[in-house]
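Fold and geometry: a report
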Amino acid sequence: MKKTLIISLIAASAMATTSCSDFLDRLPMTEPNNETYLSTENQVRSYINGLYMAIPTFNQYGLGVRAEEKNSDNILAEQYDERLNGEFTNFSGASDWSTGYQNLRDVNYFFHYYTVSEDEENDNLRSLRGEAHFLRAYWHFYLLKRFGNIPLMDAFWDENATIEGLQIPQKPRNEVAKFILQDLTTAKGLLHGRSEYKGLRINKEAAMILAMNVALYEGSWEKYHANDAFAAQTNESEYFFNQVITWGDELFQAGITLNTKDTDPFGATTPADAFAHMFNQKDYSNVPEAVFWKKYSMAEGVYNSVVPSLAGGIVDTDGAAGLSKSLVDNYLNADGTFINPTDAKYKDFNVMFENRDPRLMETVMSTGHKFRSATITRPMCVKEFIQDATTDEEKQSNAEILSPYLNGDGNGRNLTGFHTALGVDTTYTRDSFWDTGLVIFRYSEALLAYAEAAEELKKCDDTVLEKTLKLLRERAGVTYVKPNDMGKDPHFSDFGYELTPNMQEIRRERRSELALQGFRLDDLMRWKGEKLIVNQRGRGAYLGHDGVLYKSFNTSDTETANALGRLLTDVNGWLDPLQGRLPNGYQFHADRDYLMPISPDELALNKLLKQNPNW
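What counts, and at which threshold
Residues numbered from 1 in each chain as written. Predicted model: local features only at pLDDT ≥ 70, side-chain atom pairs only at ≥ 80, totals over all residues. Heavy atoms only, no water. Helix = DSSP H or I, 4+ residues; strand = E, 2+ residues; numbered from the N terminus. Rg over C-alpha atoms; globule rule 2.2 N^0.38 Å. Buried < 20%, exposed > 50% of the residue type's maximum accessible area, 1.4 Å probe, protein only. Contact = heavy atoms within 4.5 Å. Areas by Shrake-Rupley, 256 points an atom, 1.4 Å probe, with all protein chains shown as cover. Lys, Arg positive; Asp, Glu negative; His and termini not counted. Charge placed at Lys NZ, Arg CZ, Asp CG, Glu CD. Polar contact = N/O pair within 3.5 Å; in protein donor to acceptor, adjacent residues only side chain to side chain. Phe/Tyr/Trp six-rings, centres within 6.5 Å; stacked < 30°, edge-to-face > 60°. Lys NZ or Arg CZ within 6 Å of the ring centre and 35° of its normal. Patch = residues over 30% accessible without salt bridge, like charges linked within 9 Å, V, L, I, M, F, W, Y side chains within 5 Å. Salt bridge = Lys/Arg side-chain N within 4 Å of Asp/Glu carboxyl O. pLDDT = per-residue confidence, 0-100. Core = buried A, V, L, I, M, F, W, Y, C linked by side-chain atoms within 4.5 Å. Axes fitted to C-alpha atoms, helices over the stretch in contact; angles between N-to-C directions. Parallel < 35°, antiparallel > 145°, perpendicular 65-115°, else oblique. Left-handed = near helix turned anticlockwise from the far one by under 90°. Nonpolar A, V, L, I, M, F, W, Y, C, P; charged D, E, K, R; others polar. Pairing = 2+ DSSP bridges.

1. Points about the overall build of the protein
- Across its full length, the protein carries 24 helices and six strands.
- Radius of gyration (C-alpha) of the protein: 25 Å, near the 25 Å computed for a compact globule of 615 residues.
- In terms of overall dimensions, the protein has a C-alpha envelope of 85 × 55 × 50 Å along the principal axes.
- Per-residue burial over the protein gives 59% buried out of 615 residues.
- Of the contacts formed within the protein by residues at least 6 apart in sequence, a portion of 75% connects residues at least 24 apart.
- For the protein, the accessible surface area stands at approximately 24400 Å², while carbon and sulfur atoms represent 46% of it.
- Within the protein, the 87 negative side-chain charges are centred at a point lying 1 Å from the centre of the 63 positive side-chain charges.

If you want it as C-alpha cells, here you go:
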C-alpha cells in the first residue's frame, strides 16, 4: 500500500477545465452516473488524487518555484515581470481567475456528488473529505491574494449555469478569509496527521500552517492597506493576527520540529547542511519539517529538471537572469551582527560570502559551490586570472577558475554574478537528479507567521522569539542575538514604516529562510512594499576593473573581453543589467497593481462584479 502513496501526487484524474464564463458550453464532467460515482473509498480517493494535479509543483522542464521570484526583488531577469512594471492590461487577470474558479468547480463537484453517509464513513474517507475542504480553502486563498473581494464558490454552480444564476456578488475580502479559515477548521477535524502518510498527502498539520498563512496575509493586508483604495470594508487585522496565534499554539502541540544537524536523516555534518537538505533530497518521509511534500520517481515516469538546470547555472529558463544584490545583502553575519553593504570590502566577490549566515551560501553560489555540466563537475572559483602565465603553478591556478557565467548566450547567462544554489546537491553521489522532491508546506512557515503576528499584537516577547526566530537562526548556524539588543539596522529597508527591531529581524528572517520558495511577492503586496519596487531595478555583484570578479576573466581573450564590455554597470561599478530595459526602474502603479484586474469577459457575464481599483 505504501507504494501507492506516490500516486496521490502523480495520478491524473479526468478533470474538466472551465472558467466562470463558459459553464453553458461545458460537456458533462464524467461518463459514470454522477449520482453513484463518488460512493466508494476507491472512487473518492481516485477523484481526490486528481485534484492534487492542479497544485503548483515542479514540472518536467523548467525551474518552477525556484525562478518564480523574478516577480519580486529577489531575482533580476531579462524577461522581467510585467506586473512589477505596470504593464498589465484589463485582461491580464483572466488566466488566474479561470485557474482559481475551475479548480474550485472541480472541488465543489466532489462535495455535490459525494454520497457516502456519515455512518458509512471510515477514517480514510473522512480524511479524504478533509482534503477536499483544504483544497477549497487553498484555491479561495489563491484568488483572494490576486483579486481581493471575490464571489465565494461554496457550492457546485453547474445546476445554476444560466445567465441569471451566475449573477453572484463578491464577498468582502475579510469574509472570504473567514470562510477559508472555516473550511480549514473543518479540514483539521477530518484529516489524518502527517505521520499517516509521511507527508505525502494533505494532512492536519498542513491545514494548520495554511490557516496561519491565510490569517497572517489578511491581517497584514488590512493593517498596511487600511488607508488606500485596497482597504477592507472593516479593518479586522487584530482578529486575524490573533487567529495566527490560536492556530500556532495548537500546531506547537503536534510534535512537528525543524530539521537540525542532530535530527537530519541525511547525514548533515553542519547546521547549514540541515537547512540545505530541505531542498535537495529525494525522500522527505522521515523529515517532520516537510509537512506536505511531493515525491518524484524516474521509475514512475514523474521527474523534474530543476537540479540539472540549477547545477548548470540557469536561474530562469525564460532567459538570462541572476539573483539580486538586495537578497545577498539581507543575510546577517554568522555571529548575528548586521553587515554594512556599503563597505568597500563587499566589492570583493569572495569576501562578500565570508563569515555570513550559512543560508546565504546554500542559496547563492559562491567559490567552492559546484557547477555541473553534462560531462564534468567543477566548483565555482573566483580569483584573479594571470594574463601571462608561464609557470605550471600559474597555469594550474588559471585552470581552476570558474567564474559566474556572465558571458555567453541563452538562459545560462547570468546577469548579476549570483547563481541559484538552493536545491543543488553538490555531492553528486545520487544516481539521478531528476527526482528531487519538493516540500510544499514547511514547518518554518508557521514559526515565521507566529512571530510576525505576535509582534503585530505587541506580544512578541523573549519567549515567543526563542521558539521561533531563535530556533530558525540556530538551525542555520547563526548566533542568535535578541533583536532589541541589536537595535535597528540603518541599512534595512523599513518600507517607509517605523518597524521595531523585532519586526525588522522577523522580516529579514522571513526573506532569508523563505528565499526562492515563492513567498516574496505576497509579502511585498501585503506589506504595501511599493518602496522596494517603484523606480527600482536592482543591482548585482561588483564588476569594477579593480575587483576580483572582473579580474577572474581572461581579458586578453577577445570574445570574453567583448562580453565584459557589453555588461552594464552603474557609475560605481556594480552590475546594473536592467538599465537598458528599465531605465526608470519598475513602473509599478501603487494605486492599481496591488490587485489584479477582473477580466472584462467576467464583468460582462456577471453584472454584480465590481472591478478592482483603477482598472
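That was the structure; now back to the text.
2. Some points on the side chain of N74
- Counting through the fold element by element, N74 comes out in the loop between α4 (65-68) and β1 (75-77).
- Residue N74 is classed as buried on the basis of its relative accessible area of 1%.
- Separated by 2.7 Å, the side chains of N74 and E69 make a polar contact.
- Residues contacting N74, with those up to four places away along its chain left out, are E69, G322, L323, S324, L327, R511, A515, L516 and R520.

3. Things to note about the environment of I245
- Position of I245 relative to the elements: it lies in helix α10 (residues 237-251).
- Its relative accessible area of 14% is what places I245 among the buried residues.
- Taking the C-alpha atoms as reference points, I245 and E362, separated by 117 residues in sequence, lie 30 Å from one another.
- Here I245 is in contact with Y450, A453, A454 and L457, once residues within four sequence places are set aside.

4. Some details on the packing of aromatic side chains
- According to the stated counting rule, one finds 36 aromatic pairs in the structure shown.
- Judged by centre distance (4.9 Å) and plane angle (80°), the ring pair of Y138 and W139 falls under edge-to-face.
- Here the aromatic cluster, defined as three or more aromatic residues joined through ring pairs, consists of Y37, Y47, Y109, F110, F111, Y113, Y114 and F156.
- The cationic tip of K178 hangs over the ring face of Y239; the distance from NZ or CZ to the ring centre is 5.1 Å.
- Here the guanidinium or amino end of R592 rests over the ring plane of W615, the centre of that ring lying 3.9 Å away.

5. Re a nonpolar patch on the surface
- A surface patch of nonpolar side chains, amounting to about 330 Å² of accessible area, comprises Y61, M298 and W434.
- With respect to the helices, strands and loops of the structure, W434 is situated in the loop between α15 (392-400) and β6 (438-442).

6. Details of the pattern of salt bridges
- This structure, assessed with the given rule, holds 44 salt bridges.
- The residue R508 makes a salt bridge to D489 at a minimum N-O spacing of 2.9 Å. Taken together, the residues span a long stretch of sequence, with R508 in helix α20 (residues 501-514) and D489 in the loop between α19 (483-486) and α20 at a distance of 19 residues. Considered together, R508 and D489 belong to a single accessibility category, that of buried residues.
- R539 is the salt-bridge partner of D576, the closest N and O atoms lying 3.2 Å from each other. Note that D576 is positioned in the loop between α23 (558-566) and α24 (600-605) and R539 in the loop between α21 (520-526) and α22 (548-551), a separation of 37 residues in sequence.
- You can call D576 buried: its relative accessible area is 2%.
- Note on R539: relative accessible area 28%, which makes it partly exposed.
- The network of salt bridges with common partners includes E289, D357, R359, R442, R473, R475, D489, E505, R508, E509 and E513.

7. Focus on the confidence of the model for the protein
- Looking at the protein as a whole, the pLDDT averages 92, with 94% of positions reaching at least 70.
- Confidence drops under pLDDT 50 across residues 1-31; counting only partners more than four residues distant or on other chains, this segment forms 74 contacts.

8. Examining the nonpolar core
- Among the nonpolar cores identified, the biggest contains 175 residues, and F134, L184, F349, F418, Y443 and M525 are the most heavily contacted of them.
- Discounting residues that sit within four places of it in the chain, F134 has contacts with L184, A187, I202, A206, A207, L210 and F441.

9. Some remarks on the side chain of D183
- Residue position: D183 is located in helix α7 (residues 173-190).
- D183 gets classed as buried once you look at its relative accessible area, which sits at 3%.
- When sequence neighbours within four positions are dropped, the list of residues in contact with D183 reads H133, R136 and A137.

10. Looking at unusual backbone geometry
- We note that K458 has phi near 60°; this positive angle belongs to a residue other than glycine.
- Here K458 lies in the loop between α16 (443-456) and α17 (462-466).
- Residue K458 is classed as exposed on the basis of its relative accessible area, which comes to 75%.
- Here N535, not a glycine, exhibits a phi torsion of approximately 65°, which is positive.
- Mapped onto the fold, N535 is located in the loop between α21 and α22.

11. Here's the deal with the packing of helix α9 (residues 204-224) against α10
- Relative to each other, α9 and α10 sit at 160°, their axes nearing to 8 Å. Relative to α10, the element α9 lies roughly antiparallel. The hand of the α9/α10 crossing is left-handed.
- Of the residues assigned to the contact of α9 with α10, the class counts are twelve nonpolar, five polar and five charged.

12. A short note on the pairing of β6
- Taking burial as the measure, the five residues of β6 include five buried ones, the bulk of the element.
- Bridge analysis of strand β2 (residues 290-294) against β6 gives four bridges, and the strand direction is antiparallel. Residue A290 lies in a different strand from β6, and its bridge partner there is R442.

13. Overview of the packing of α10 against α16
- Here α10 crosses α16 at 135°, and the two axes come no closer than 9 Å. Comparing the axis directions of α10 and α16 gives the class oblique. Note that α10 runs across α16; the crossing there is left-handed. Contacts between α10 and α16 involve F241, V244, I245, G248, D249 and L251 on the former and, on the latter, Y443, A446, A449, Y450, A453, A454 and E456.
- For the contact of α10 with α16, the residue count by class is ten nonpolar, one polar and two charged.

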